[in-house]
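# Structural description and commentary
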Amino acid sequence: MVKRMLFLDNVNIQYKTKNETWEVIQNLSLQIKQGEALIILGSSGCGKSTLINALAGTIPIESGYIEFVKDNDRKPLTPKNHTIGFIPQNCGLLPWKTVKDNCLLPLKIHHKRVDEKKKQEIIKIYEALNISHLLNKYPKELSGGQVQRAAIARAFIMKPDLLLMDEPFSALDAITREEARELFLNVWNQNKATTILVTHSIEEALYLGNRIAVMGTEKGEMKYFMDNPYLGKSYPDDTNYLNTKRLLRDMLKVEERKETVE
Amino acid sequence: MNKIIRNLKLFIQGFLSINLIWFIGYLVSDTTVIPNPIYVYKNFGNILTDHMMIHILYSLKRIGIGLLLSLLVGIPIGILMAYSQKINRILYPFIYFGYPIPKTALLPIAMLLLGMRDGSKIVIMFLVIVFQVIVSVRDSVYNIDNVLYQVIQSNGASRWQMIWHVTLPAILPQLLTSVRVSLGAAVSILFFVEGYGTTYGVGYYIQDAWSKINYVDMYIGIITISIMGFSLFALIDYASDKLCKWNR
């Protein structure tokens, strides 16, 4: 029996302004296995970023619960109870810290001591992401791809129980994006963090996920789940691959059409 | 290194051109109020016999304490105003109204309440600087990208860790800029606040020489206070260069 790691049960998330309250996510239930990479596909405005932020502990949930099993201990998922790596769209590196200080900040916040073994691990991650020569630079001095790689390094160095990514590759140009995805997958394969990544790119979903969910525009309802056999592979001409791609595109399109009719 | 040379060149150029204008003024006017600059510089040794260093230290002490108090009060208030709408609603009208009030106009009140000694002088310094600090801190906290907080919050950072790692570094460049501007004002106000209740300070030195019709010493005082202002300016520039490398 596979032990589930992350449980979302009947989660409701609301947005509130002074006069208005609206449900962004309603009664969402979801489970994710350890070491799984779940890609949530959705068009813009469907609430996928809200979901990621709720998981990251930066916005509260209205009702329901989000729990995480670690060492056979089931607890509410919070930044205090668990190690959560979060890579937002613009990477979120602190401009006033060097790449190195950015990468080590999560450890510092958790008051984790860096021993010799950890140091070697960290160096390995720097090398895998090809940022060893950038450690003393400030984010402003880096290219988009370099910032991306630094943010990925920061997330993996903290050995996250859960890794959250919000359209992490969308700001990059096509070639840099491919490289960054490949490097990411490489490091991910070595570290196997349980991952949730939201994106609107079907190709990205097929390349990076072992499970794909399509999120509707209606209150965060999950329209469709599939296990993805194409993780880490690209078959631009394979018929099955193209069929899957078309299927996902149709799922997304149905949603968009519904939106325009309303 | 190049930058130091460039700044030095700028300094010398500015220094010479001001003195040139002064010299021309001396040539075209026929009054002892504008003495020959060369004669003034020849007597610059007076600063040693007049113990100018002590005057400078007194002036710096008044500015320094005023600045320190403004930072200690202004930074937390600015941050609170940015974080809490409620506090902003209460304090903003006060700041908005108080900011443009010429603080030297409050000098009589400060003197009556706090006496003629350093208390009233420092309070005026404080008032001159603190509004600038509050406004610049509040505005730069507003400009911080929320994502930066979210990332370190998801790493489990406490409120204090968020202020230490995100808020304070983020406000630093703009804070230093506003301190630089308000220090300029503070130096010019020395002239007023050191005109009473003390026999020390560069402002006192100028007024003392003035009342004795000792124009050479008066000019020496003016030159000293100018160099002091310039040095404070340069010091903040230097600090800003060192502390905000990431911002260049």
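Only a predicted model underlies this, so the values are computations on that prediction, with no experimental measurement involved.

## A few points about the overall build of chain B
Broken down by element type, chain B carries eleven helices and zero strands. Moving toward the C terminus, one meets the helices and strands of chain B in the order α-α-α-α-α-α-α-α-α-α-α. Taken over the C-alpha atoms alone, chain B extends approximately 70 × 50 × 30 Å along its principal axes. Within chain B, contacts between residues separated by at least 24 positions form 73% of all contacts whose residues are at least 6 apart in sequence. Across chain B, the mean location of the 18 positive side-chain charges is 10 Å away from that of the 10 negative side-chain charges.

## Observations regarding the UniProt feature "domain: ABC transmembrane type-1" (unreviewed entry) in chain B
Taking the UniProt record as the reference, the feature "domain: ABC transmembrane type-1" (unreviewed entry) is found at residues 56-236 of chain B. Taken end to end, residues 56-236 of chain B is 83% helix and 0% strand, and its two terminal C-alpha atoms sit 18 Å from one another.

## Examining the interface of chain A and chain B
In this assembly, 26 residues from chain A lie in contact with 21 residues from chain B. Overall, the association of chain A and chain B removes approximately 2000 Å² of surface from exposure, summing both partners, and the carbon and sulfur fraction of that is 61%. Counting the surface chain A buries against chain B, the share from its top three residues, Trp96(A), Ile109(A) and Lys140(A), is 32%. Where chain A touches chain B, the interface holds zero salt bridges.

## As for a nonpolar patch on the surface
All names here are of chain B. Taken together, the side chains of Leu8, Phe11, Ile12, Phe15, Leu16, Tyr41 and Phe230 define a hydrophobic patch exposed on the protein surface, amounting to about 640 Å² of accessible area. The element contributing the most residues to the nonpolar patch is helix α1 (residues 2-28), with five residues. Position of Phe15 among the secondary structure elements: in helix α1. Classification of Phe15 by relative accessible area gives partly exposed; the value is 34%.

## Section: the environment of Gly197(B)
Residues and elements named next belong to chain B. Note on placement: Gly197 falls in the loop between α9 (159-193) and α10 (202-211). The partly exposed category is assigned to Gly197, whose relative accessible area is 35%. If sequence neighbours within four positions are ignored, Gly197 has contacts with Met116, Arg117 and Lys121.

## As for the layout of surface pockets
Residues and elements named next belong to chain B. In this structure, the largest pocket encloses a volume near 740 Å³. At the level of secondary structure, the elements contributing two or more residues to the lining of the largest pocket comprise α4 (52-83), α7 (118-142), α8 (146-154) and α9. Per-class residue counts for the lining of the largest pocket are 13 nonpolar, seven polar and one charged. For the second largest pocket, the calculated volume is near 610 Å³.

## A short note on the sheet that holds strand β8 (residues 194-199) of chain A
Working definition: the strands of a sheet are paired by backbone hydrogen bonds and lie parallel or antiparallel to each other. Residues and elements named next belong to chain A. Spatially, six strands are ordered β6-β7-β8-β3-β9-β10 in an open sheet, and the strand pairing comes out mixed. With partners counted over all chains shown, the strands left at the sheet margins are β6 (84-87) and β10 (222-227), one partner each. Across this sheet, the average inter-strand angle for adjacent strands is 15°, counted without regard to direction. Bridge count between strand β9 (residues 211-215) and β10: five bridges; the pairing is antiparallel.

## What about the pattern of salt bridges?
All names here are of chain A. Following the criterion strictly, the structure yields 14 salt bridges over all chains and no others. Among the salt bridges present, the one from Glu167 reaches Lys48, with a minimum N-O distance of 3.3 Å. Of this pair, Glu167 sits in the loop between β7 (162-166) and α5 (174-191) while Lys48 sits in helix α1 (residues 48-56), placing them 119 residues apart in sequence. With a relative accessible area of 7%, Glu167 lands in the buried category. The salt bridge involving Arg181 is made with Glu204; its shortest N-O contact spans 2.8 Å.

## Concerning the UniProt feature "transmembrane region" (unreviewed entry) in chain B
Residues and elements named next belong to chain B. The UniProt feature table records "transmembrane region" (unreviewed entry) at residues 7-28, 65-84, 90-115, 122-142, 186-206 and 218-239. Taken end to end, residues 65-84 is 95% helix and 0% strand, and its first and last C-alpha atoms sit 28 Å apart. Across residues 186-206, helical content stands at 62% and strand content at 0%; the span's end C-alpha atoms are separated by 16 Å.

## A closer look at the packing of aromatic side chains
Scanning all chains against the criterion turns up 17 aromatic pairs over all chains. Measuring from centroid to centroid gives 5.3 Å for Trp96(A) and Trp246(B), while their planes differ by 70°, and the two rings are edge-to-face. Linking Trp96(A) in the loop between β6 and α2 (99-109) with Trp246(B) in the segment after α11 (215-243), this pair reaches from one chain into another. Exposure remark for Trp246(B): the relative accessible area of 10% places this residue in the buried category. Arranged with centres 6.3 Å apart and planes meeting at 70°, the rings of Tyr83(B) and Tyr149(B) form a pair that is edge-to-face. Taken together, the residues Tyr83(B) in helix α4 and Tyr149(B) in helix α8 connect sequence positions 66 residues apart. Assessed through its relative accessible area of 41%, Tyr83(B) is described here as partly exposed. Of the residues examined, Tyr149(B) reaches a relative accessible area of 10% and is grouped as buried. These aromatic residues form a ring-pair network of at least three members: Phe11(B), Phe15(B), Trp22(B), Tyr41(B), Phe44(B), Tyr219(B) and Phe230(B).

Reading the values: rules and limits
- Every chain is numbered independently, its residues counted from 1 as its sequence is written.
- The lettering of chains begins at A and the numbering of ligands begins at 1, in the order of writing.
- Local features in this predicted model are restricted to residues whose pLDDT is 70 or higher, and side-chain atom pairs enter the listing and the counts only when it is 80 or higher, whereas totals over whole chains, interfaces and linings include all residues.
- In computing side-chain properties, one takes all heavy atoms of the structure into account and sets aside hydrogens as well as water.
- Secondary structure is summarised from DSSP: a helix means a run of H or I of at least four residues, a strand means a run of E of at least two, and numbering begins at the N terminus for each.
- When checking whether two residues touch, look at their non-hydrogen atoms; a contact exists if any pair is within 4.5 Å.
- Residues scored as charged are limited to Lys and Arg (positive) and Asp and Glu (negative), so that His and the chain ends carry no count.
- The location of each charge is read from NZ of Lys, CZ of Arg, CG of Asp or CD of Glu.
- UniProt positions are given in the numbering used here, feature names are shortened, and annotations may be inferred rather than shown by experiment.
- Once two parts are put together, the accessible area they lose, assessed with a 1.4 Å probe and summed over both, is termed the buried area.
- One speaks of a salt bridge when a side-chain nitrogen belonging to Lys or Arg is within 4 Å of a carboxyl oxygen belonging to Asp or Glu.
- Patches draw on residues past 30% relative accessible area with no salt bridge. Two like charges within 9 Å are joined, as are two nonpolar side chains (Val, Leu, Ile, Met, Phe, Trp, Tyr) within 5 Å.
- Accessible surface area values rest on a Shrake-Rupley calculation with a 1.4 Å probe, where residue burial reflects the displayed protein chains alone.
- Accessible area is worked out with a 1.4 Å probe on protein chains only. A residue is then buried under 20% of its type maximum, exposed over 50%, and partly exposed in between.
- The distinction between a cavity and a pocket rests on a 1 Å grid over the protein atoms alone: a 1.4 Å probe fits inside a cavity but cannot get out, while a pocket stays open yet meets protein on both sides within 12 Å along at least five of seven lines, and a residue with an atom within 4 Å of a point counts as lining.
- Grid points are joined across faces, edges and corners, and a volume is the space filled by probe spheres set on the points.
- Under the grouping applied here, Gly and all other residues not named as nonpolar or charged are polar, the nonpolar ones being Ala, Val, Leu, Ile, Met, Phe, Trp, Tyr, Cys and Pro and the charged ones Asp, Glu, Lys and Arg.
- Paired strands, in this sense, are two strands between which DSSP finds at least two bridges.
- Structural elements are reduced to axes, namely lines fitted to C-alpha atoms, with helices fitted over the stretch in contact, and the angle between N-to-C directions of any two is expressed from 0 to 180 degrees.
- Any Phe, Tyr or Trp ring, taking Trp's six-membered ring, that has another such ring centre within 6.5 Å forms a pair; planes under 30 degrees apart are called stacked, those over 60 apart edge-to-face, and the others tilted.

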